[in-house]
Amino acid sequence: MIFLMIGIKTRLNKSLHKSCNNKLKLKKTQLPQLLSREDLKIRWQMNSRQSVHQVASKPDFPQPVFAFNHGKTPLYLATEIKIFEINHPWVITPGARLAYSHWILRNVID
């Protein structure tokens, strides 16, 4: 009788463990992607943190959803960054930034 109860308990534990693992895997796929400023520097092929800071200081730049290190390491939702990139395509690559600066020189400063 005791061995039967231990066997049933072991099967229940294995079943519960498998169920929990499946739920955990599903939840992990539903987590939002977060980006730090270092991630943005790499993504936008920028050479310095200052360049990212200048872009992040724009009034329509997304607000961080979380910050580590007493607010010194902000994290942004990747989907909000993608929307920002759609609205500001000049930010994405060095070539786009150069073309934008030339456009500013020709059309705004002259």
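Computed from a predicted model, the values in this text were never measured in an experiment.

Chemist: Let's hear about helix 3 (residues 49-56): which residues, and what values?
Modeler: Of the positions making up helix 3, those classed as buried are Val52, Val55 and Ala56. On an axial view of helix 3, the arc spanned by its buried residues comes to 95 degrees, and they lie on one face. Those residues of helix 3 that are buried are in contact with helix 2 (37-43), strand 3 (73-77) and helix 4 (78-87).

Chemist: Describe a nonpolar patch on the surface, with residues and values.
Modeler: Judged by side-chain polarity, Tyr100, Trp103, Leu105, Val108 and Ile109 come together as a nonpolar surface patch covering roughly 500 Å² of accessible area. Tracing the backbone shows tyrosine 100 in helix 5 (residues 94-109).

Chemist: Can you lay out the layout of surface pockets for me, pointing to particular residues and giving the numbers?
Modeler: Taken as a whole, the largest pocket encloses approximately 200 Å³ of empty space. Around the largest pocket, the lining residues are Arg37, Glu38, Lys41, Arg49, Val52, His53, Lys72, Thr73 and Pro74. Those elements giving two or more residues to the lining of the largest pocket turn out to be helix 2, helix 3 and strand 3. For the lining of the largest pocket, the class distribution of residues is two nonpolar, two polar and five charged.

The rules behind each value
Residues numbered from 1 in each chain as written. Predicted model: local features only at pLDDT ≥ 70, side-chain atom pairs only at ≥ 80, totals over all residues. Heavy atoms only, no water. Buried < 20%, exposed > 50% of the residue type's maximum accessible area, 1.4 Å probe, protein only. Helix = DSSP H or I, 4+ residues; strand = E, 2+ residues; numbered from the N terminus. Arc of directions from axis to C-beta. Contact = heavy atoms within 4.5 Å. Patch = residues over 30% accessible without salt bridge, like charges linked within 9 Å, V, L, I, M, F, W, Y side chains within 5 Å. Areas by Shrake-Rupley, 256 points an atom, 1.4 Å probe, with all protein chains shown as cover. Salt bridge = Lys/Arg side-chain N within 4 Å of Asp/Glu carboxyl O. 1 Å grid on protein atoms, 1.4 Å probe; cavity = no way out; pocket = protein on both sides within 12 Å on 5 of 7 lines; lining within 4 Å. Points joined across faces, edges and corners; volume = space filled by probe spheres on them. Nonpolar A, V, L, I, M, F, W, Y, C, P; charged D, E, K, R; others polar.

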